[in-house]
Amino acid sequence: MDFGIGTFVTDEGIRPDVLAKAVEERGFTALSLAEHSHIPASRETPYPSGGELPRVYYRTLDPFLALSAAAVATKTLRLGTGITLLIQRDLIHTAKEVATLDLLSGGRFDFGVGVGWNKEEMRNHGTDPATRGALMNEQLAALKEIWTKDEAEFHGKHIDFDPIFSWPKPVAKPHPPIFVGGASKAALNRLVAHGDGWLPTPGASPEELHRVRKWLGEQGRTDVPFVVWGSPADQAVIDGYAEGGVDQVNLMLPTLPESETLRKLDELAAFARANR
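For every chain, the first residue of the written sequence is number 1, and numbering continues from 1 along that sequence. Restriction of local features to residues with pLDDT of at least 70 applies here, the model being predicted, together with a cutoff of 80 or more for giving and counting side-chain atom pairs; totals for whole chains, interfaces and linings are based on all residues. Neither water nor hydrogens contribute to the side-chain values; these are computed over all heavy atoms in the structure.

Chemist: So what's going on with the overall build of the protein? Residues and values would help.
Modeler: Per the convention used, a helix needs a DSSP run of H or I reaching at least four residues, while a strand needs a run of E reaching at least two, with both numbered from the N terminus. In terms of helices and strands, the protein carries nine helices and 10 strands. The C-alpha atoms of the protein give a radius of gyration of 18 Å, which matches the 19 Å a tight globule of 276 residues would have. For the exposure calls, accessible area comes from a 1.4 Å probe over protein chains only, and a residue counts as buried if that area is under 20% of its type's maximum, exposed if over 50%, partly exposed in between. Considering the protein as a whole, with its 276 residues, one finds that 50% of them fall into the buried category. The long-range share in the protein, meaning contacts at least 24 apart out of those at least 6 apart in sequence, stands at 69%. Just to be clear, the radius of gyration here is over C-alpha atoms, and the globule rule we use is 2.2 Å times residues to the power 0.38. Residues count as neighbours in contact if any of their non-hydrogen atoms are within 4.5 Å of one another.

Encoded structure:
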């Protein structure tokens, strides 16, 4: 089992280039960043983990810009999003951002996507929460057209555009791996249709992981890596992921100033070495 780092990079914590270099130097496989464009002041939608929404959600940097800085500072580290809130983004701009980051990193980008949970945040982007799953399905299909064809077009219910040219094309072929988040029936169907890897819900039991693996095999998808985002460095939790056949665990790194971050990374690196 490989280990990476999942975190929120903010204006109050370590810089993404410094962080990425430190993560790579400590032997981690990947660095994956969260995304929120903003947090609505209404706070109508409850935080899924319960309680008050953590401060980092309000101050998160744009992951594509932060990961571009990380790409320049590293050589082998995989760079990812956990998750990109695709339904809140302009599709064609996102296609170019992903392809550009993949090019700058030499094909090291893993595109984690999910439908999100904050309904007010979605609505502020003009997205109807009731149709966000159907929108994402079309977005993923359309992205692949843009990335893989010199002249791309797409005509769906939610996404519609006539032939366009868009460069650069990704270095990764046929495109950067798409990791689909979520454990609902709709999310798993999306994984089969559009995904290259799965981001299980944190805390998924070995039984659930085995069930999904078996179901994917029945769909002809025996090649899907499982990557957990934001796991605690808890031995019992990690043992459960190992038993469930998880391929990679991105340990949760708290958002801290540089000196404190480096100390915490040393602790997480020692934990990871003991569990490889």
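Chemist: Tell me about the pairing of strand β10 (residues 248-253), and please be specific about residues and values.
Modeler: Burial analysis of β10 places five of its six residues in the buried class, which makes it a mostly covered element. Bridge count for strand β1 (residues 2-7) against β10 is six bridges, and the pairing is parallel. Bridged to isoleucine 5 within β10 is leucine 251. Strands are treated as partners if at least two bridges between them are detected by DSSP. The pairing of strand β9 (residues 227-231) with β10 spans four bridges and is parallel. Looking at β10, one finds that serine 231 is bridged to leucine 251. The handedness rule is simple: strands pointing away from the viewer, and a clockwise path from the first strand over the helix to the second, make the crossover right-handed. One crossover worth recording links β9 to the parallel β10 by way of helix α8 (residues 235-243), and it is right-handed.

Chemist: I'd like a rundown of the packing of helix α1 (residues 16-25) against helix α2 (residues 63-73), residues and numbers included.
Modeler: Where α1 contacts α2, the two axes come as close as 8 Å, and the packing angle between them is 45°. Classified by the angle their axes make, α1 and α2 are oblique. In the crossing of α1 with α2, the sense of the turn from one axis to the other is right-handed. Here Pro16, Asp17, Ala20 and Lys21 of α1 lie close against α2, whose contacting residues are Ala66, Ala69, Ala70 and Ala73. The convention used is that axes are lines fitted to C-alpha atoms, helices contributing only their stretch in contact, and that angles between N-to-C directions extend from 0 to 180 degrees. Comment on the angle field: the value is read as roughly parallel under 35 degrees, roughly antiparallel over 145, roughly perpendicular from 65 to 115, and oblique elsewhere. Note: crossing handedness is left-handed where the near helix turns anticlockwise from the far helix by less than a right angle, and right-handed where it turns clockwise.

Chemist: Tell me about unusual backbone geometry, and name the residues and values.
Modeler: If a residue is not glycine, its phi is most likely negative; likewise, a peptide bond is most likely trans. Going from glycine 82 to isoleucine 83, the amide bond is cis rather than trans, its omega being 10°. The peptide bond linking lysine 173 to proline 174 adopts the cis configuration, its omega dihedral lying at 0°. Positive phi outside glycine occurs at arginine 43, with the angle close to 55°. Looking at where arginine 43 falls in the secondary structure, it is placed in the loop between β2 (30-33) and α2. By relative accessible area, arginine 43 is classed as partly exposed at 24%.

Chemist: Tell me what's going on with the side chain of asparagine 275, and back it up with residues and numbers.
Modeler: When you line up the elements, asparagine 275 lands in helix α9 (residues 258-275). There is a polar contact of 2.5 Å between the side chain of asparagine 275 and the side chain of glutamine 235. If near-sequence neighbours (up to four positions away) are discounted, asparagine 275 is found in contact with Phe3, Gln235, Ile238 and Asp239. Two N or O atoms form a polar contact when they lie within 3.5 Å of each other; inside protein one atom must be a possible hydrogen donor and the other a possible acceptor, and for residues adjacent in sequence the pair counts only when both atoms belong to side chains.

Chemist: Tell me what's going on with helix α3 (residues 91-104), and back it up with residues and numbers.
Modeler: By this rule, a helix spans an expected 1.5 Å times one less than how many residues it contains. Here α3 contains 14 residues, and its C-alpha end-to-end distance of 20 Å stays within 8% of the 20 Å for a straight helix at 1.5 Å per residue. Here α3 has its buried residues at Leu91, Thr94, Ala95, Val98, Ala99, Leu101 and Asp102. Looking straight down α3, one finds that the buried residues subtend no more than 165° of arc, so they occupy a single side. Exposed residues lying more than 90 degrees from the buried face of α3 are His93 and Leu104. Where the residues of α3 are buried, they touch α2, β4 (109-113), α5 (132-148) and β6 (160-164). Of all possible arcs, the one meant is that of the directions from the helix axis to the C-beta atoms.

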